[in-house]
Amino acid sequence: MKDSATITDNKTGVLIINLGTPDSPSVPDVRRYLRQFLLDERVIDIPELNRQLLINLVIVPFRGPKSAKVYKELWDERGSPLKYYGEDLTALIKESLGENFMVELAMRYQNPSIESALEKMKKAGLKKIIVLPLFPQYASASTGSVQQEVMRLVSKWLIIPDISFISSFWDKPLFIQAFTEIGRRYMNERNYDHILFTYHGLPERQLTKADEHNVCSFGTCCNNLDAKNQYCYRAQCYATTRLLADSLGLKPEQYTVSFQSRLGKTPWIKPYTDEVIDELAKKGYKSVLAFSPSFVADCLETTVEIGREYRELFEAKGGKHWQLVESLNVNTTWVEAVESMIREQV
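Rules used in this analysis
- Residues numbered from 1 in each chain as written.
- Predicted model: local features only at pLDDT ≥ 70, side-chain atom pairs only at ≥ 80, totals over all residues.
- Heavy atoms only, no water.
- Pairing = 2+ DSSP bridges.
- Helix = DSSP H or I, 4+ residues; strand = E, 2+ residues; numbered from the N terminus.
- Axes fitted to C-alpha atoms, helices over the stretch in contact; angles between N-to-C directions.
- Contact = heavy atoms within 4.5 Å.
- Buried < 20%, exposed > 50% of the residue type's maximum accessible area, 1.4 Å probe, protein only.
- Polar contact = N/O pair within 3.5 Å; in protein donor to acceptor, adjacent residues only side chain to side chain.
- Expected span 1.5 Å × (residues − 1).
- Arc of directions from axis to C-beta.
- Phe/Tyr/Trp six-rings, centres within 6.5 Å; stacked < 30°, edge-to-face > 60°.
- Salt bridge = Lys/Arg side-chain N within 4 Å of Asp/Glu carboxyl O.

Caption draft 1: Examining the sheet that holds strand E5 (residues 194-200) more closely. Taken in spatial order, the four strands of this open sheet run E6-E5-E7-E8, and their pairing is parallel. Taken across any chain shown, the strands that pair with only one partner, and hence form the sheet edges, are strand E6 (255-260) and strand E8 (321-324). Strand after strand, the sheet turns through a mean of 25 degrees between neighbouring axes, direction not considered. Here six bridges tie E5 to E6, and the two strands are oriented parallel to one another. Residue pairing in the sheet places Ile195 in a bridge with Tyr255 of E6. Lying on the sheet, helix H7 (residues 173-189) is in contact with strand E7 (287-291) and E8; it crosses E7 at an angle near 165 degrees. Helix-sheet contacts for helix H10 (residues 273-282) involve E5, E6, E7 and E8, and the interaxial angle to E6 is about 145 degrees.

Right under this line is the structure:
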């Protein structure tokens, strides 16, 4: 009876993982972060020697100081928003799940590391570990990388507990509801000429390499999800948009989907956000409300890139009002969404 009771009382581990952030906006810390991030074979998927030379001799030396300057704009008294919103979310989830759960936050790159969080869970003797990468849409370079790293580390354990991964949550009703609540507040304040849903981009080759059914054409193939393209990042982004548009009561002509943050000269998934902004300005749109549904916490890509750089671009093209819909951060409905996803796995 005693052994049976002990097993029953074992906790379930919850590992919440986001992309990562430099430890500080200093140039050395930013370079350290960029090096770890960009050397990931799933992020820059080219031969290892080429990747090493490109990252260590070109990108990190030159991009490091520029990125550090931008991170200084993002940093506030609490540090990096992506990190402290992750900490706040983790604390709220701990409270909502209760004492039968052990909840830890980790970053795929830099700190707190996945390895350190898993070590805590290993010592706790958990009966099950639920891994939640905070990426709504699945991509090899984000969710896939997290899953690979967790499996690499756990594969060294002599005793491996039951582990489950939440691979995506773009279609979860509470996730959609949370973004709808935040966006609707802005839509109630004023009438916008157009709504833009901008997602983080990926090189086209990454989607092509993952297309085992040879259905990807980077066009209307993303208008529907089925068994052949259910894990296509671009298709999931368009599906997210359709759910959000429906929840917000938008007609197809009232919104546009685009992709941002491209790097290098190889083709990335289109349409590109900066080119869409140019088109919107040419059509005479003066006010745009911008969502970023591939991010659940404010970070450099939302606050600086979408919130400031794209606003400046829109205004330079003749636009008058550009408004970013902030990320979910610690929105109450978002916290409920995370708790719901975790309980579904138990």
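Caption draft 2: View of the environment of Ser287. Along the chain, the position of Ser287 falls in strand E7. For Ser287, a relative accessible area of 5% puts it in the buried group. Separated by 47 residues in the primary sequence, Ser287 and Trp334 have C-alpha atoms spaced 27 Å apart. Among all residues touching Ser287, those that are not within four sequence positions of it are Arg190, Asn191, Tyr192, Asp193, His194, Phe314 and His321. Among the polar contacts listed, one links the side chain of Ser287 to the backbone nitrogen of Asp193, at a separation of 3.0 Å.

Caption draft 3: Local environment of helix H2 (residues 27-38). Helix length check: H2, at 12 residues, gives a terminal C-alpha distance of 16 Å against a target of 16 Å (1.5 Å per residue), a fit within 8%. For H2, the set of buried residues is Asp29, Val30, Tyr33, Leu34, Phe37 and Leu38. End-on view of H2: buried residues confined to an arc of 145 degrees, all on one side of the axis. Turning to H2, the residues buried within the fold contact strand E1 (12-20), helix H3 (48-74) and strand E2 (101-109).

Caption draft 4: Structural context of the packing of aromatic side chains. Scanning the entire structure with this criterion turns up 16 aromatic pairs. Taking 5.7 Å as the distance between ring centres and 90 degrees as the angle between the ring planes, the aromatic pair formed by Phe175 and Phe179 counts as edge-to-face. Highlighted residues: Phe175 and Phe179, both in helix H7, separated by four residues, approximately one helical turn. In this pair, the class of Phe175 matches that of Phe179, namely buried. Ring centres of Tyr238 and Phe259 lie 6.2 Å apart, and the angle between their planes is 50 degrees; on these two criteria the pair is classed as tilted.

Caption draft 5: Molecular detail of the pattern of salt bridges. Counted according to the given criterion, the structure contains 20 salt bridges. A salt bridge links Arg205 to Asp45, with the shortest nitrogen-to-oxygen separation between them at 2.9 Å. Taken together, the residues Arg205 in helix H8 (residues 204-210) and Asp45 in the loop between H2 and H3 connect sequence positions 160 residues apart. In this structure Arg205 comes out as partly exposed when scored by relative accessible area, which is 29%. A relative accessible area of 15% means that Asp45 is categorised as buried. Residues participating in the shared-partner salt-bridge network are Asp40, Arg108, Glu149 and Arg152.

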